[in-house]
Amino acid sequence: MMRLRKQLSAALLAALLSAIAFLWATPFLWTLVASFRPESAGSADMASLLPDLHPTLENFRNALDSGTFGLYYVNTIIVVAGVLAVQCVTVSLAGYAFARLRFPGRDFLFYAFLLQLMLVPPALIVPNLRTVVDLGLYDTLPGVMAPYFASAFGTFLMRQTFLALPRDFEEAAAIDGAPWWAIIWYVLLPMAKPGLVAFAIVSITAHWNEFLWPLMVINSPSNQTLTIGLASFAMGAEGGKEWGVLAAGTLLVMAPLAVAFVAFQRRFVDSFVFSGVKG
Amino acid sequence: MSVAGATGIFDSVQRSSAMAASARRRRMRLLPYVLLAPSLLFLGLFTYLPVARVVVESLYDKPHGTGAATSFVGLGNYARVLSDPAFHKAALNNLVYAVGVLVPTLVLALAFALAVQRSTRFSAVLRTVFFFPSLVPLVAAASLFFFIFLPGVGLLDYYLAKLGLHGPNWLGDSDVALWSIIGLTVWKNAGYYMLFYIAGLQNVPRDTVEAAMIDGANAWQRLRFVILPALAPTTAFVTVIALIQLLTSVDHVIVLTRGGPSNATNLLLYYIFQSAHENFEYGKAAAATLISVAVLLAISFGSLRIMERGARGNG
Amino acid sequence: MTIVTRLGMGALALTFATAALPAWAQTKIEFFFPVPVEGKLAREMTRLTKLYNESQKGVEVTAVYTGGYDDTKLKAQAAAKAGKPPSVVLMSANFLVDLKLSGDILPLEPMLKADETTRDDYLKDFWPALHANAVVDGELYGVPFHNSTPLLYYNVEHFKEAGIDPAKPPRTWVELVDAAKKLTKGDRYGFLMPAGYDYLGWLMEALSMSNGGRYFNEEYGGEVYYDQPSMLGAARFVEDLIFKHKVMPQGVTEAGGVSTQFFAGKASMVLLSTGSLSFIRENMKQAYDVAFVPKNVRNAVPIGGASLVMFAGQSEDSKKAGWKFIKWLTTPETLGGWSRFTGYFAPRKSSYDKPEMKEFIAKNPDAKVALDQLPYAKPWFATYQTVAVRKALEDEIQAMMNGKKKADQAVKDAQKKADELMRPYVEQTSLKLP
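Reading the values: the criteria
- Residues numbered from 1 in each chain as written.
- Chains lettered and ligands numbered in written order.
- Predicted model: local features only at pLDDT ≥ 70, side-chain atom pairs only at ≥ 80, totals over all residues.
- Helix = DSSP H or I, 4+ residues; strand = E, 2+ residues; numbered from the N terminus.
- Rg over C-alpha atoms; globule rule 2.2 N^0.38 Å.
- Buried ≥ 20, exposed ≤ 12 C-beta atoms within 10 Å, placed from the backbone.
- Domains from an automatic or database assignment.
- pLDDT = per-residue confidence, 0-100.
- Contact = placed C-beta atoms within 7 Å.
- Nonpolar A, V, L, I, M, F, W, Y, C, P; charged D, E, K, R; others polar.
- Pairing = 2+ DSSP bridges.
- Axes fitted to C-alpha atoms, helices over the stretch in contact; angles between N-to-C directions.
- Expected span 1.5 Å × (residues − 1).

Draft legend 1. Main features of the overall build of chain B. Assigned secondary structure in chain B consists of 13 helices and two strands. For chain B, whose C-alpha radius of gyration is 28 Å, the value lies well above the compact-globule estimate of 20 Å for 315 residues. Taken along its principal axes, the extent of the C-alpha atoms in chain B is 110 × 80 × 30 Å. The buried share of chain B, reckoned over its 315 residues, is 47%.

This is how it looks when you write it as structure tokens:
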């Protein structure tokens with residue numbers, strides 16, 4: 001009797017979960033279906049989740065036409081990679097300083113870093129834009145990247161990571177006469193790889209998806225990122241919308257991260273978990 | 001060589017190695033600052049300089065396009081902001097938004113985490129489905145939801161109609177619009193925080209749970225008395241991150257409603273954005289920024305206190 | 001060949017080479033444009049720009065699609081503030097006063113003088129209704145590119161079904177309510193109008209004008225007339241449509257939603273721009289027709305659309321290049337082609353004398369209705385801080401459409417907010433006394 005009850009409740013739970021999962025996935029299912037549906041801006045059935053019998057690539061062609069998606073991809077990759085590259089340097093150095101060194105003003109500087117966690121660039125968008133203009137970086141990709149080069153989140157993450165590493169290796173290396181940069185590069189960083197990977201994934205995802213800041217900094221279409229390109233799609237005003245094209249465009253923007261996620265699912269999840277545990 | 005000479009050489013060798021040692025010590029003293037310099041440079045430029053600028057700018061007023069000069073107004077801008085009904089609405093909306101997103105998100109995140117704990121194929125699929133929305137840019141999600149919320153033929157209304165129900169005007173009804181935005185945000189974020197809870201769950205001491213089971217506690221009681229307390233630090237962490245995110249992302253408002261209808265979805269950051277870029281009221285925007293930043297800091301410090309207490313409690 | 005001849009040829013060659021240099025030293029300019037209706041128009045504009053670039057070597061234009069009208073203003077001004085103003089912008093026709101006051105745009109008088117023509121001569125070919133929005137303080141600031149008026153689109157099949165003669169669409173507000181009541185049934189509404197930002201302000205202007213009034217002071221950017229009887233009546237009319245006659249749904253529907261509802265047969269009559277004409281023609285499966293905006297006191301509608309302006313802060317070369325591009329874009333043939341493609345009407349009278357246009361109008365009588373309404377067209381509202389002042393009204397009307405306020409209170413609050421917004425300007429002008 002208990003067995004049956006348990007099996008029933010387990011089955012019920014599974015059914016409930018599946019229903020919720022289906023609900024959760026509905027927007028994406030629609031995007032998938034709609035992007036292949038032939039253009040019919042006004043058909044009353046365009047919300048249908050059942051795929052059309054004559055799928056077409058027309059929407060993708062129109063989406064690619066409307067925006068230079070190839071260029072957007074390149075720009076986005078440049079921004080994401082650029083930010084990450086500099087961040088790796090700054091957070092490793094700063095993380096090491098906080099983790100292993102003792103110096104006057106350490107606590108004060110630590111709080112200074114902490115503040116940046118809250119004062120994210122979008123919150124200070126108006127003055128930051130002014131600074132970027134003053135530096136001559138308006139409408140450039142470096143202008144988009146610059147505010148993120150220092151990362152309090154990354155610094156804390158690396159600090160936690162380093163703190164958790166046993167000191168024996170460093171001490172051995174120090175006795176052997178290795179200078180600090182050699183210790184960091186050859187000893188600590190290899191052991192801190194999981195932390196770095198976790199940070200990299202968080203950073204890449206965050207900057208791939210960023211919108212407001214690049215929107216304000218960038219003007220020329222040649223410098224636009226994927227999110228800006230997609231938004232100009234979605235924000236047309238006076239009249240109607242081509243929903244199929246919008247769906248296709250959205251798919252194009254989501255695709256790389258989606259593919260990467262499916263391929264590296266384990267890594268992705270583990271790294272978020274890792275940053276959560278240590279955070 | 002005389003002994004004196006030898007001693008002299010020995011002395012000078014000692015002195016030079018002492019000098020080298022002190023030089024090295026000096027370098028070591030400077031090292032932390034050298035290491036922190038690059039980060040501090042950018043922090044200064046893009047966090048602290050802006051704050052300083054904002055403080056200064058908030059004290060002046062330059063009326064746009066009238067040819068009048070910039071004038072010092074002291075706290076005048078703050079008074080204008082605090083008496084602006086649009087600001088009140090934005091602040092109120094942000095509060096409702098924050099709570100309205102945070103609570104369901106936390107509950108769902110925990111629920112999902114509990115559901116996908118086991119490493120079955122099914123759980124892996126569930127995990128993917130729940131997590132996926134957070135990978136997508138908020139702008140993309142907003143564009144999709146524009147269609148979903150479309151009156152009459154959009155996804156929601158289409159399927160509601162099949163069930164014989166009639167939905168409200170999701171984005172055009174000022175009572176409902178904010179909740180639609182909240183719904184979108186919950187959908188997007190729950191999966192992300194689920195991962196943190198998955199990690200947190202792994203840290204729940206197995207023996208305590210088993211002890212509770214032996215004592216005859218059912219699932220609910222185990223949840224309430226063992227698991228939830230053990231998850232306190234995770235919850236605190238997620239709350240802080242979520243609150244920061246909630247106060248600083250308005251992409252969906254920009255794409256879907258532009259603050260409307262009649263300020264029903266105006267949020268603090270959007271109010272600032274509008275003041276600065278549509279109305280060119282920079283002094284007012286600066287004052288509003290400072291007020292919002294103060295709120296942000298208060299919340300963060302408050303939650304950090306709690307987090308620290310929790311972390312200390314858990315060792 | 002003798003040495004002299006060789007030298008001579010060399011000199012000649014050198015002269016040609018240096019003469020050709022300016023052609024190589026291309027002026028690059030940026031052209032910001034909004035596309036209010038749909039993506040197809042953005043693609044067409046990009047194609048036109050490419051055509052221009054290929055047709056000559058002196059100027060290379062980069063066309064930047066900048067979203068809707070409000071967004072384009074935002075982006076252009078942000079770019080100017082950062083020191084990189086665009087050369088030419090297709091700006092909503094009613095932003096010219098605002099932009100001139102803030103010093104963002106250049107007067108086009110010097111360009112006219114360089115072309116040895118006068119403002120009156122230049123504008124002669126443009127429809128009279130468009131002049132007021134293109135001229136600020138007696139100087140030409142913009143060249144109209146595409147224009148629109150609101151139109152009443154109606155579903156012919158619904159009309160027949162409800163027993164209304166499709167050849168006799170409602171001409172007055174009374175007839176409109178009458179027809180809408182007959183057409184509303186089930187989940188179908190008799191009437192629907194867009195109420196999102198920018199559109200709502202335009203349509204309220206149309207309604208208050210049809211009610212005998214003026215939305216704003218055409219000659220002075222510091223006065224609007226929200227709480228006067230004409231606007232009050234228009235607001236009450238909209239309120240009644242929703243709550244008393246129940247022919248329009250409660251809440252705010254964006255333009256995209258309105259056209260979608262029209263296509264899906266969920267709204268029988270909609271008030272939309274002539275700019276949507278092509279879009280609707282292509283996507284409406286059922287028979288439909290268009291009519292004037294119904295009147296209460298008189299037939300009057302605001303124009304809509306956009307004009308080409310030039311931003312301040314550019315070099316002389318850039319100005320020359322921009323003006324050349326503007327002239328190319330505004331030939332009667334180009335304007336006519338764009339009009340046929342989009343549904344906007346061409347701002348030049350001469351465009352309609354061309355055979356392609358005559359043929360098009362003959363085949364598409366709905367385009368003719370838009371043209372017929374032109375004699376009743378008046379300037380689009382343009383004031384100091386146009387967007388904010390407009391939103392002051394829109395926010396209140398939106399609240400009214402959601403049942404939060406009564407019409408009388410809404411227009412009163414709107415007037416108060418608008419007055420406060422315009423106060424800095426007013427205090428520097430009419431309230432600045434010795």
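Anyway, onward from the coordinates.
Draft legend 2. Main features of the domain arrangement of chain B. Each assigned domain of chain B is listed with its residue range as follows: domain 1 (3-57) and domain 2 (79-314). The gap between the C-alpha centroids of domain 1 of chain B and domain 2 of chain B is 45 Å.

Draft legend 3. Spotlight on unusual backbone geometry. For B:Arg258, which is not glycine, the phi dihedral falls at a positive 50 degrees. Within the fold, B:Arg258 resides in the loop between α11 (251-256) and α12 (268-277). Overall, B:Arg258 belongs to the buried group, with 22 C-beta atoms counted inside 10 Å. A positive phi angle, close to 50 degrees, is found at C:Asp137, a residue other than glycine.

Draft legend 4. Region of the structure containing the confidence of the model for chain A. Residues with a pLDDT of 70 or more make up 85% of chain A, whose mean pLDDT is 79. At the low end of the mean pLDDT range in chain A sits helix α14 (residues 265-278) of chain A, at 59; at the high end sits helix α6 (residues 141-145) of chain A, at 92.

Draft legend 5. Spatial organisation of the interface of chain B and chain C. At the interface, 22 residues of chain B touch 26 residues of chain C. Split by residue class, the side of chain B that touches chain C holds six nonpolar, 13 polar and three charged.

Draft legend 6. Representation of the interface of chain A and chain B. Every contact between the two is made by 66 residues of chain A and, on the other side, 62 residues of chain B. Of all the elements in the fold, those that place two or more residues in the side of chain A that touches chain B are α1 (2-35), α3 (69-100), α4 (106-118), α5 (125-134), α12 (226-234), α13 (243-263) and α14 of chain A.

Draft legend 7. Geometry of the sheet that holds strand β8 (residues 189-192) of chain C. All names here are of chain C. Pairing in this open sheet of four strands is mixed, and the strands run β8-β9-β7-β10 from one edge to the other. Edge strands, defined here as strands with exactly one partner in the open sheet, are β8 and β10 (288-291). For this sheet, the mean inter-axis angle between neighbouring strands, taken without regard to orientation, is 20 degrees. Judged from the five bridges that link them, strand β7 (residues 150-155) and strand β9 (residues 267-273) form a sheet pairing that is antiparallel. In the sheet register, Tyr153 faces β9, and the bridge partner there is Val270. Most of the contacts of helix α12 (residues 255-263) go to β9, to which it runs at about 140 degrees, and overall it touches β7, β8 and β9.

Draft legend 8. Quick look at the environment of B:Leu201. All names here are of chain B. Mapped onto the fold, Leu201 is located in helix α7 (residues 177-202). Distance from Leu201 to Leu228, taken between C-alpha atoms, is 9.4 Å for residues 27 residues apart in sequence. Not counting chain neighbours up to four residues away, the residues in contact with Leu201 comprise Ala113 and Gln117.

Draft legend 9. Focus on helix α7 (residues 152-164) of chain A. Residues and elements named next belong to chain A. For α7, which comprises 13 residues, the first-to-last C-alpha distance of 18 Å matches the rise-based estimate of 18 Å (1.5 Å per residue) to within 8%. With respect to burial, α7 is a largely interior element, ten of its 13 residues being buried. Of the residues making up α7, those classed as buried are Ala152, Phe153, Gly154, Thr155, Phe156, Leu157, Met158, Arg159, Thr161 and Phe162.

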